[in-house]
Structure formats: structure tokens, C-alpha cells
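# Coordinate analysis (summary)
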Amino acid sequence: MTAETQNSDSAAMRFEILRAAVKDGAAARVGRLAFAGRTPIDTPNFIGTTSRGALPHLTPDTVGKHLQVTGAYMALEDFIERPQQYLKRIPPIYSTPTTAKHHTRLHSFTAMPQSVTTVLSARRLPAVPSPMGNTNASVSVFTSTGFQILPTKEYLSAVQALEPDIAIPPADLTHSPITPNSKRALRMAERTDEWVVEWFSELADANSRISTFAPILPISYSIQWEYISRLAEDYLPTAQLSGLAIYDADLVPDLADHCAALLPLPRLSLANPPTPHHILRQIALGIDLFTLPFINTISDAGLALSFSFPPPDTSSSPTTNGSSSTRSLQPLAIDLSLPHHATAATTPLSPNCTCHACTAHHSAYVHHLLAAREMLGWTLLQIHNHAVVSAFFAGVRDALLQGDIKRFEEGARQFALAYEPEFPEGVGQKPRARGYQYKSVGDGEARRNKAAWGKLEGGEGEGEGAGEKGEKGV
Amino acid sequence: MASNRTFTSPALSFELVARCSVTRARASILTLPHGTVNLPIFMPVATQASLKGLTPEQLEGTGCKLCLNNTYHLGLKPGQEVLDAVGGAHKLQGWNRNILTDSGGFQMVSLLKLANITEEGVRFLSPHDGSPMLLTPEHSMSLQNSIGSDIMMQLDDVLVTTSPDKARMREAMERSVRWLDRCIAAHKKPETQNLFCIIQGGLDLDMRRECCREMLARDTPGIAIGGLSGGEAKDDFCKVVATCTELLPDLKPRYVMGIGYPEDLVVSVALGADMFDCVWPTRTARFGNAVTKHGVLNMKREMFAADFGPIEEGCGCPCCRPVEEEGAMGITRAFVHHNAAKETAAAHLLTLHNVWYQLDLMRQAREAIIADQFPPFVKDFFGNLYSEKSSYPPWAVDALKGVGIDLLET
Ligand SMILES: [Zn+2]
Ligand SMILES: [Zn+2]
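What you are looking at is a predicted structure, and each value in this text was computed from that prediction instead of being measured.

Moving on, we get to the overall build of chain B. Within chain B, the regular secondary structure consists of 14 helices and 17 strands. Relative to its length of 410 residues, chain B is compact, with a C-alpha radius of gyration of 21 Å against a globular reference of 22 Å. Put simply, chain B has 410 residues, and 60% of those count as buried. Partitioning the intrachain contacts of chain B with sequence separation of at least 6 by distance along the chain shows that 65% fall at a separation of at least 24. Accessible area for chain B stands at about 15000 Å²; split by element, carbon and sulfur atoms hold 52% of it. In chain B, the 40 positive side-chain charges and the 48 negative ones have mean positions that sit 2 Å from each other.

Residues and elements named next belong to chain B. Mapped onto this numbering, the UniProt entry gives "binding site: substrate" (unreviewed entry) at D102, S103, G104, G105, F106, D156, Q200 and G227. Mapped onto the elements of the fold, D102 is located in the loop between strand 7 (98-101) and helix 4 (105-111). D102 has contacts with N69, N70, T71, Y72, Q107, Q144 and M153, leaving out every residue within four places of it along the chain. Of the polar contacts made by the side chain of D102, one reaches the side chain of N70; its length is 2.9 Å. Assignment of secondary structure puts F106 in helix 4.

Here we take up the sheet that holds strand 4 (residues 35-39) of chain B. Residues and elements named next belong to chain B. Ordered by their spatial adjacency, four strands build an open sheet running 1-2-3-4, and the pairing between neighbours is antiparallel. The two strands at the open ends of the sheet, each matched to only one other strand, are strand 1 (6-9) and strand 4. Shown here is a sheet whose adjacent strand axes are inclined to one another by a mean of 15 degrees, direction ignored. Note that strand 1 and strand 2 (residues 12-19) share four bridges and pair antiparallel. Within the sheet, the bridge partner assigned to S9 lies in strand 2 and is L12.

Moving on to helix 11 (residues 376-402) of chain A. Taking 1.5 Å per residue, 27 residues should reach 39 Å; helix 11 of chain A reaches 39 Å between its end C-alpha atoms and fits that length. Burial of helix 11 of chain A is extensive: 22 of the 27 residues sit out of reach of the surface.

Attention now goes to the coordination of the zinc ion (ligand 2). All names here are of chain B. Protein coordination at the zinc ion (ligand 2) comes from C315 (SG), C317 (SG), C320 (SG) and H353 (ND1), with a distance range of 2.0 to 2.4 Å. With four donor atoms in place around the zinc ion (ligand 2) and angles of 105 to 118 degrees between them, the coordination shape is tetrahedral. Written as a sequence motif, the donor arrangement for the zinc ion (ligand 2) is C-x1-C-x2-C-x32-H. There is no split in this pair, since C315 and C320 are both buried.

All names here are of chain A. Inspection of the secondary structure assignment puts L332 in the loop between strand 15 (303-305) and strand 16 (333-335). Overall, the relative accessible area of 0% leaves L332 in the buried class. Considered as a pair, L332 and N136 are 196 residues apart in the sequence and their alpha carbons are 43 Å apart. For L332, the residues in contact, after removing those within four places along its chain, are T275, P276, H277, L305, S306, F307, F415, Y419, E420, P421, E422 and F423.

The subject of this paragraph is the side chain of N289 of chain B. All names here are of chain B. Mapped onto the elements, N289 comes out in strand 16 (residues 289-292). For N289, a relative accessible area of 14% puts it in the buried group. There is a polar contact of 2.9 Å between the side chain of N289 and the side chain of N298. Dropping the residues within four chain positions of it, N289 is found in contact with T284, V296, L297, N298, L350 and N354.

Quick look at the coordination of the zinc ion (ligand 1) now. Residue and element names in this part refer to chain A. Within the first shell, the zinc ion (ligand 1) binds the protein through C353 (SG), C355 (SG), C358 (SG) and H384 (ND1), at distances of 2.1 to 2.3 Å. Going along the chain, you hit the donors of the zinc ion (ligand 1) in the pattern C-x1-C-x2-C-x25-H. In this pair, C355 sits in the loop between strand 16 and helix 9 (356-360) while H384 sits in helix 11, placing the two residues 29 residues apart along the sequence. H384 shares its class with C355; the two are buried.

Residue and element names in this part refer to chain A. Mapped onto the present numbering, the UniProt feature "binding site: Zn(2+)" (unreviewed entry) falls at C353, C355, C358 and H384. Their sequence span is 32 residues, while the largest C-alpha to C-alpha distance among them is just 8.0 Å; these annotated residues converge on one region. Setting aside anything within four residues of it in sequence, one finds C355 in contact with I383, H384 and A387. Looking at the secondary structure, you find C358 in helix 9.

Below, the discussion takes up the packing of aromatic side chains. The tally for this structure, following the rule as stated, stands at 23 aromatic pairs over all chains. Residues F374 of chain B and F377 of chain B carry aromatic rings whose centres are separated by 5.9 Å and whose planes lie at 25 degrees to one another, so their mutual orientation is stacked. Here F374 of chain B and its partner F377 of chain B are both found in helix 13 (residues 374-385), three residues apart, which amounts to about one turn of the helix. What makes F377 of chain B buried here is its relative accessible area of 11%. Among the aromatic residues, those joined into a ring-pair cluster are F46, F290, F307, F309, F392, F393, F408, F415 and Y419 of chain A. Positioned above the aromatic ring of W356 of chain B is the side chain of R363 of chain B, whose terminal nitrogen or guanidinium carbon lies 4.7 Å from the ring centre.

This paragraph deals with the pairing of strand 4 of chain B. Residue and element names in this part refer to chain B. Bridge count between strand 3 (residues 26-32) and strand 4: five bridges; the pairing is antiparallel. Bridging across to strand 4, S28 finds its partner in L39. Between the antiparallel neighbours strand 3 and strand 4 lie two residues.

Scanning the model with the defined rule gives zero disulfides over all chains in all. For C20 of chain B, which is in no disulfide, the shortest distance to another cysteine sulfur is to C238 of chain B and amounts to 16 Å.

Listed by partner, the interface residues are 50 residues for chain A and 43 residues for chain B. Taken together, chain A and chain B are joined by three salt bridges. With its nearest N and O atoms 2.9 Å apart, the salt bridge here joins K52 of chain B to E374 of chain A. Those elements that place two or more of their residues in the side of chain A that touches chain B are helix 1 (60-66), helix 2 (105-110), helix 9, helix 10 (363-371) and helix 11 of chain A.

Calculation rules
Residues numbered from 1 in each chain as written. Chains lettered and ligands numbered in written order. Predicted model: local features only at pLDDT ≥ 70, side-chain atom pairs only at ≥ 80, totals over all residues. Heavy atoms only, no water. Helix = DSSP H or I, 4+ residues; strand = E, 2+ residues; numbered from the N terminus. Rg over C-alpha atoms; globule rule 2.2 N^0.38 Å. Buried < 20%, exposed > 50% of the residue type's maximum accessible area, 1.4 Å probe, protein only. Contact = heavy atoms within 4.5 Å. Areas by Shrake-Rupley, 256 points an atom, 1.4 Å probe, with all protein chains shown as cover. Lys, Arg positive; Asp, Glu negative; His and termini not counted. Charge placed at Lys NZ, Arg CZ, Asp CG, Glu CD. UniProt positions renumbered as here; feature names shortened; annotations may be inferred. Polar contact = N/O pair within 3.5 Å; in protein donor to acceptor, adjacent residues only side chain to side chain. Pairing = 2+ DSSP bridges. Axes fitted to C-alpha atoms, helices over the stretch in contact; angles between N-to-C directions. Expected span 1.5 Å × (residues − 1). Donors = N, O, S within 2.8 Å, 3.2 Å for Na, K, Ca; no water. Tetrahedral: all angles 85-135°; square planar, octahedral: opposite > 155°, others 65-115°. Phe/Tyr/Trp six-rings, centres within 6.5 Å; stacked < 30°, edge-to-face > 60°. Lys NZ or Arg CZ within 6 Å of the ring centre and 35° of its normal. Disulfide = S-S within 2.5 Å. Salt bridge = Lys/Arg side-chain N within 4 Å of Asp/Glu carboxyl O.

If you want it as C-alpha cells, here you go:
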């Protein structure tokens, strides 16, 4: 198929757009992303965020059996540490033998179920900012043994050795919440452009099993337009470019305005939306696939996600026309460490959930496990929280498939009115810090608490960027 | 009620299936309120109603039919009130197979230095608020009735076996007998829960014999040999087990409390014991240790960083079997090394492997007993564990010689 028919295919990947809200431009859409040998991913959807190749607290058998997750984000920096005594050792993952079922090194080393689509990037999500910064030929990464230089060429050969289903070329990112000045932003675009050129020339006749999702930088379109145009003109026609890895969802409307050729490509958001409100807003902007590091953080905090889409009907409660201030907001998550869950007996972790944690177990058990600091508590919360987010996306897809865009927009409006803007804090003690990763988790939390979800309403209105500055009242 | 091969009591039946023609090893079937259990058996310890990160479903997948919960811990968290509200420990943890609970006494003596034992019970300071508390035989029974365990243990007066104080040892043994009587009187659900007695008496074999006689007179459905997880010499340990099993009836299960090293299990089976428990296999998993038939391997060592073999070659656990097989993960040593002490999932994988190893060791012993091939099984076991016969532990050689196996013969 060609771009004109709203499908994007490469040798190993097929992306089919089943329903798009608008003919031209970007908006919420329903699709199906399929890789040979993996379970197809119905979009909009999310993939799991791994730490060191594992979904935190979950063994691969549990992932295969009880998680609906069909994709996993992995970071090369999780596999290439150089222990002090073994500075010269070659990362073992590069020499992993493959098997009939685990036919890529990445799957084989991590024992990730074969049905799961893998995404490989250089950095974890969220990434720890490096004090050293990147150079013209390398990105600075953070491993369990400290900061390390990763030459872009080494990353390329790692990708070829590991054969992820989706590979994200190196991007010159600061990983800082501070917006780079225009000089730095320009250098980001130029470097990324060079690295992507290098990437495609090296991968040109290499393994066609790897699909490249090119980074779209979190800087304004006007600074990276040359780079983006190159993607569309040089690498789209050759089918080398399979998708986009978007670090700021607000760039999607610009892509639609200026580079329509890229629209049929699947869009993976690496923008770490901190709440489901942010997810809905990014779906409305046209994001197909999400990485959601907040799920792991929420589980560690002893919280059970409790939101659904569309939100439960609250129309019976009286409201003043046009005002949301009188309605009591539902929490996005339930803090199972709170004492009243001790005797909540046999109720599921959140109402109506049918995940393994909620059918084989109940909130009183998870409360006990959290109080006793038993690791199984976090395991069961991971199963539940991934299930809630899966159901949330299924609800979004249903709304988009059944009605026109209005049904989704109405659902999103109701969602904003029904739920609190942020997750509760979580009074429970988190798992013992497992070393270096905690730097990055801390970073994620800081962002979560400051974020402005109110952008959704702004985005729905005509005025672009209405919610840009700070938070909106609820 | 006892026939030739079967003993039945209200909440238990015990069927002797086979006996080793050389040693005292036995194979039997123990039927409890939550299903049938093949003996000999190793019971993993789910201290706080959870086995260190394994889901009850994963534990079930290892073939485990009987696991332990600790009464002391469940009494603190979630507490008796919650246990009653939820409907017991099976419902609390979503485990429909059997549970055995200890009395809570041992934990108090070992965890709480300030515990003080009187005729009334064990006095200690609450770890919550430091207030004085008292665990009596009656309170222990009440807690274990709330837990609903299939096998409950009597409260006993536990003393380290190495204590030199003979008078105190005798006092503890005699008090344990008196406490058994109080436990029997206080037990509210004998028709659905089994109460086992615990034989005490330290390393004094005569005192052990005396205790056996007293305890057996109370006719509990099963019998435990207690007080042996301390620092006693392995020779002494074996003598105590052998002395007790000699006096115990054939048609009741025999439980040696708190042991779990593979050699200890194999030798104790040869001495005629049926049931064992220990936190070691699951605790050592969290330090990155894999239990294998060739000994304990620490997966954190650099030599495993690029070792792409399974944790143990030939192991049938879900981690070690090749991923192409049904329900298998194809985990490599390299992946466990990569995440040991870094991601909890690595500890869960090793826990799964180690529990499987211990259960499978007892399954193999059982099959060997039924086939009357137990002595060669024991020899193979030690042959795999040690590269030289000269490094076999003397205590094991001696203990096995006492029941007809000469490990050193060629
Ligand atoms: Zn659930
Ligand atoms: Zn194994």
C-alpha cells in the first residue's frame, strides 16, 4: 500500500489506519500496528516500560499470562555497564544466542514473551540528564556503573545485533525540563539530522526486520524543519522510515500542517504523559502509541489505578449548567496502603476490574502485602495497573470506532470533569531503592506533580495553545 | 482408626505407600482438608502469607501442595481481626491448597530477645508499641484457628539444643507436654484443622525418648521433631532424628522442623522423616544464589555474566526449560546475573527455581523409595554434590551408615 491510502508498510511492519477523525491534518485515529511474529497492537494503545529488560516486579511468565501489554520499551543503557573490575568486557547481550522462538538477541536475553513487540532506544524513560552532554559523535548515557559515552556508531551496531522490532535512532536531547535556547535547539536538530543520515546509510542494506521510528525533537518545528523534511523526502519513499518517535506531542499539528507526507506513519509518544488526562490530550493530537513510565511509579507507590474511559456515568448527580465545580471528583488511583483497605475483604482493587490480581486476589490482600512490605504487593499492583490502562485504551478505541470524533471528545470532556487532575501521593513505603535507577524515577515524579493537564480543554478549543501557560482550575 | 497401611483422623488421613528395604525411608500420601500431599515433602515458607514475590499461581505451578505461614507474623499483620473478617489465611492469600502454621513461639524467642517464658506462656514486648504481651497455648490456638491452617503446631517451650542447662531443658520438655494438653483443650476446630505435637528434649536422647512417649500418649494426628534448627552439630541432629523416628508410629506423618539444606533433607528422609520446612532456599535466592544438584551457585559472580545456559542444566522449572516448551521461559544465567540485586524479577526467578529444586528433590526421593531404589538415589545425590568422595561430610556418611547405606563403598 502507499501513503495515499493511509497505510504504512515496510518489510517487517504494517500499520493500518482503520478510522481517522479527519481526512487531512492530524487528530485522534484508530489503527493497527503489526510486526511479523508479534501480537498486533490496536492503537491508540501503550507499551510497557522496562527497567534492565524486565517489566518491574514481573517475571516473563506473568507478563505473558496476565498482562495485556503487547509491546515493551527497552533502553540500551540498561545493558552496557562497565563494571570497575571488567572495564574491557563486551556487553554480554551482544553475544546472546538466539533460539527458534526467541529469534532476536533482545528477546532471547530478556526472555520477553515472543508475542511482545520490542522498542529499543538509547536512553531509559525518563532519562537521567547527563552533566557531560552529548558530542558530535556520541550520546551520554547513564548505566548502573555511572555515566558513559555511547558512540552513535556503537549504538547502531547494537541495534543491528539486538534486532528490536522498532529502533529509535539517537537523538540529541538534553532530558531537562528547561527549554533549550535557540542556539542549543538548532544544534540538537543538526546533530540529530546527521545521526539519522548516518543511521540510514548504515542500515541501508542491513536487516529489514528492524523498523526505524525517527525522533521528532521537543523543540519548535521551525528549528527542525530541515531535518523533518529530509525524513519525508529521502527516507519515506525508500520505506526506510517506518514511524515517528515523538518527544513532544504538540509537534504533531505542525507535522500535519507542513509535512503531510509523514501523516500515515505510526506515531509513538515518548513525551511521558504524567496522567490519563494528558494521554487523552495527546490522543486528540494524533498519537497512536504511548510509553507510560508512570504506571511503574504508581505501582511502587502502592496505588491501584481506578479510572476508566468513558468515565462511569455521573449524570444523575446534579450539576450547575456549564460548571464543574460542584461535582466531587473521582480519584485516578486508590491508595491501598490506607487502613480501611485492611478489611475491604474480597473486593477487587478497583471496581469492576477483571485482571488476575482482582479475580484471584483482593484489595485486603494487597493492603496486607504493602503493610508487610512483601514484594508480591508490587507484582499484583503492576498486573492490575497495566490492566486498567489497557482497558482505558480499549475504551478510547471503542469510542473512536463507534462514533465520530464527537463521541471521543465528549468522553474526554466527561473524563476531565469526572476525575481529579493528579494521582494521589501514596502513603505507603516504596520498594527498597534498587540503586541507580531511582534517580530517574525521582525525575519522573517531579514532572508528574507539576504538569498541567488542563491543556486538553485548551486543545479542544479553537485557540491553539490555550492551555499552554500553567494549570487550569478544575 | 488405623488399618495396616492407613491412619484416619477427623481432618487427615495418612497412607503408607512404600518403604525402602534398606533405610527407614518411607513414601506416603497425606490427605488434608485442602487436598492430597505426597510425602516426603519440602514445604516452602510463605512467612507473611506470600512467598517472596511469587504469585500463589506460580507457587501452585511448582507442584507445591502445602506451604507454611508464620502465626507470629500473621498475628501482627494483618492481625486476628482481619483474618476473621476475610475468612482465614487461605482466603487472604488466594491459596486453595494446604497451609501449615507454626505456633508463633519460636519466632518470639528467636526474633525478640526480651521474650520471657513462664508456665503461663511466652511474655514479650509488642514490637508495635513496646507494651507487654503474652502468648499462651490458648492464644496460639485461637490465632491458628483464625488462620484456618490445615496443620497447626502446638505452642512449645523452645530452647536452643546447645543449652548446657539440663534442668532447664527438662523443664522445657515437660512444659511442652503440659502446653500440648492446654492446646488440645483450646483447639476449637479439630474436625477441620490438625494439631501436631512437637517433641523436645534437646540433644539428650533419653529425654527425647521420654518426650516421645508422653507426646504419643496424646495421640495427635501428626508428630513434629522440634528444636533442631539451632547450632547443634550435624551428628547430634541425626542422632536425635533417628532416635525419635525409631519410636514413632508408622502410620503418622513425621515433620522435622526448620531444616532445608538438600543434604539434610536426603539424610533425614533416610532416617525416616517425611516433612521439612526452611526459609533458606527462598532467602538465599534474594542474595542471588541458585540451588542446584551440583551445589549453590552465586549468579552475581562475573563468570555468569555471559553464561547463556539455564540456571541449572536439565532442571524442569519454568525458568530453566527452553522457551520452546509449554509454559517455559528460557531464562539464562546471564539474565539472572544482569538483574541480580538490581531488579526484583531476578529474585523472583531464582525463588521459583530454588523452590522447584527442593520440591523436585523430594519428588525424586519419593519415586526412588517406591521403586525401592532409594540407596542408589542417595549415592547419586552425593556424587553430584561433591566431586570427591573424600569431601563428603562425615556426619552424612555416618548417619547413612547407621541406616544401611555406605556412601564410600565403590
Ligand atoms: Zn485489577
Ligand atoms: Zn530451574
